[in-house]
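# Survey of secondary and tertiary structure
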Amino acid sequence: DAKTTQPNSMESNEEEPVHLPCNHSTISGTDYIHWYRQLPSQGPEYVIHGLTSNVNNRMASLAIAEDRKSSTLILHRATLRDAAVYYCILWNAGGTSYGKLTFGQGTILTVHP
Amino acid sequence: EAGVTQSPTHLIKTRGQQATLRCSPISGHTSVYWYQQALGLGLQFLLWYDEGEERNRGNFPPRFSGRQFPNYSSELNVNALELEDSALYLCASSLEVLINYGYTFGSGTRLTVV
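Since this is a predicted model, take the numbers as computed values, not measurements. (Residues numbered from 1 in each chain as written. Chains lettered and ligands numbered in written order. Predicted model: local features only at pLDDT ≥ 70, side-chain atom pairs only at ≥ 80, totals over all residues. Heavy atoms only, no water.)

## Concerning the pairing of strand β8 (residues 74–78) of chain B
Each regular strand carries side chains that alternate between the two faces of the sheet. Residues and elements named next belong to chain B. The element β8 is extensively covered by neighbouring structure, given that 5 of its 5 residues are classed as buried. Side chains S74, L76 and V78 project from β8 onto one buried face, and the interleaved E75 and N77 project onto a second face that is buried too. When strand β3 (residues 19–24) meets β8, the two strands line up antiparallel, connected through 5 bridges. From the neighbouring strand, R22 faces β8, where its bridge partner is E75. Counting the residues in the hairpin turn of strand β7 (residues 64–68) and β8 gives 5 residues, including Y72, whose phi is positive at 75°. (Buried < 20%, exposed > 50% of the residue type's maximum accessible area, 1.4 Å probe, protein only. Helix = DSSP H or I, 4+ residues; strand = E, 2+ residues; numbered from the N terminus. Pairing = 2+ DSSP bridges.)

## What to know about the sheet that holds strand β5 (residues 55–56) of chain A
Residues and elements named next belong to chain A. Within the open sheet, the 4 strands sit side by side as β2-β7-β6-β5. Their pairing is antiparallel. Two strands lie at the open edges of the sheet, namely β2 (18–23) and β5, each paired on one side alone. Judged from the 2 bridges that link them, β5 and strand β6 (residues 61–64) form a sheet pairing that is antiparallel. Paired with V55 across the bridge in β6 is L62.

## Describing the packing of aromatic side chains
Residues and elements named next belong to chain A. Enumeration according to the criterion identifies 15 aromatic pairs over all chains in this entry. Summarising the aromatic geometry, the rings of Y36 and Y46 are spaced 5.6 Å apart at their centres and angled 70° between planes, so their arrangement reads as edge-to-face. Placement of Y36 in strand β3 (residues 31–38) and of Y46 in strand β4 (residues 45–50) is noted, with a sequence separation of 10 residues between them. Owing to a relative accessible area of 0%, Y36 belongs among the buried residues under this scheme. What makes Y46 partly exposed here is its relative accessible area of 24%. (Phe/Tyr/Trp six-rings, centres within 6.5 Å; stacked < 30°, edge-to-face > 60°.)

Here it is in structure tokens:
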């Protein structure tokens, strides 16, 4: 499985934008970029995913670099509820990875009031 | 719409016993996934069931097994429990495999082996 690198932790202030980076220099052309977050004492929550183009949904935006070797999850206005561990995951439809998301250590986001 | 439901929320077992954990997916979702989240080890993929069949399996011993029923609900069985099996067991479901959708996770079953 192609690997991702994320900072261990980041901090933000409430109502400010947050940019969470993810490096994936060994990404293949058919790897999808998935983002999940996990709030304390809860199961992970799907945030967004994409393949090549930037994606937007009600929760966040995903900006994918032109060479796809990195991506950024953008929370437009952080709230206290956004404090969580954020996971950047590469998923490929082929081979032994089918149906399996491999979670790394993620980025712990702290949001200050 | 009801989310993914797991039962029980907490389970305490003695070493050597068997544990059975249950998962009901979101209505219409045919795929069910099981993950283990042990303290300090992160989320580890256990099993994937789709249409009643085991489709993929993580690096876990055979005493971890499961099944999916015709209504797409699923059971995870852990036999011969060991202390290190203490963890949060998470179930997720999806409409189709990950190309157009993400997983929806439940809140988990906290298994404690004493």
